[in-house]
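Okay, here's what each chain looks like letter by letter:
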Amino acid sequence: MVQAYILIQTEVGKASTVAEEISKIPGVVQAEDVTGPYDVIVRAQADTVDDLGRLVVAKVQQVDGITRTLTCPVVHL
């Protein structure tokens, strides 16, 4: 199982709507709107890195109101 945090910047005033829409996507564990340089932080999981990439590109990035994403895979050292 691969897990990652997805840091999201949104259009002004869209953070809450974006977090709500993303939370409905299968593979998303948690989505919350936050303050700071990013507007929404998502925790997601998938079986493989490729599946995680597809989740981000095909589903998360298609949500209306998103301007930029940064995916940070979780590592266990």
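Small disclaimer: the values here were computed from a predicted structure and weren't measured. (Residues numbered from 1 in each chain as written. Predicted model: local features only at pLDDT ≥ 70, side-chain atom pairs only at ≥ 80, totals over all residues. Heavy atoms only, no water.)

## Some thoughts on the overall build of the protein chain
In terms of helices and strands, the protein chain carries two helices and four strands. Going residue by residue from the N terminus, the α and β elements of the protein chain occur as β-α-β-β-α-β. For 77 residues, the compact-globule estimate of 2.2 N^0.38 gives 11 Å, and the C-alpha radius of gyration of the protein chain, at 12 Å, lies within 12% of that figure. Structurally, the protein chain occupies a C-alpha span of about 35 × 25 × 15 Å along its principal axes. Within the protein chain, the proportion of its 77 residues that are buried is 32%. Of the contacts made within the protein chain by residues no fewer than 6 positions apart, 68% connect residues no fewer than 24 positions apart. Taken together, the 6 basic and 10 acidic charged side chains of the protein chain have centroids lying 3 Å from each other. (Helix = DSSP H or I, 4+ residues; strand = E, 2+ residues; numbered from the N terminus. Rg over C-alpha atoms; globule rule 2.2 N^0.38 Å. Buried < 20%, exposed > 50% of the residue type's maximum accessible area, 1.4 Å probe, protein only. Contact = heavy atoms within 4.5 Å. Lys, Arg positive; Asp, Glu negative; His and termini not counted. Charge placed at Lys NZ, Arg CZ, Asp CG, Glu CD.)

## Some thoughts on the UniProt feature "domain: Transcription regulator AsnC/Lrp ligand binding" (unreviewed entry) in the protein chain
Residues annotated in UniProt with the feature "domain: Transcription regulator AsnC/Lrp ligand binding" (unreviewed entry) correspond here to residues 6-74. The span residues 6-74 is 28% helix and 38% strand, and its two end C-alpha atoms sit 10 Å from each other. (UniProt positions renumbered as here; feature names shortened; annotations may be inferred.)

## Points about the nonpolar core
Core analysis: the biggest nonpolar cluster contains 21 residues, and Ile-8, Ile-22 and Val-42 have the highest contact counts within it. Every element with two or more residues in this core is listed here: strand 1 (2-10), helix 1 (15-22), strand 2 (28-33), strand 3 (40-46) and helix 2 (49-59). (Core = buried A, V, L, I, M, F, W, Y, C linked by side-chain atoms within 4.5 Å.)

## Observations regarding the sheet that holds strand 2
The strand order across the open sheet formed by four strands is 2-3-1-4, and the pairing between neighbours is antiparallel. Single-partner strands in this sheet number two, and they are strand 2 and strand 4 (66-73). Neighbouring strand axes in the sheet, compared pairwise and without regard to direction, differ in orientation by 20° on average. When strand 1 meets strand 4, the two strands line up antiparallel, connected through seven bridges. (Pairing = 2+ DSSP bridges. Axes fitted to C-alpha atoms, helices over the stretch in contact; angles between N-to-C directions.)

## Describing helix 2
Within the span of helix 2, buried status applies to Leu-52, Leu-55 and Val-56. Buried residues of helix 2, viewed axially, fall in a sector of 90°; they line one side. For helix 2, exposure combined with an orientation more than 90 degrees from the buried face picks out Asp-50 and Ala-58. Tucked into the core, helix 2 has its buried residues touching strand 1, strand 3 and strand 4. (Arc of directions from axis to C-beta.)

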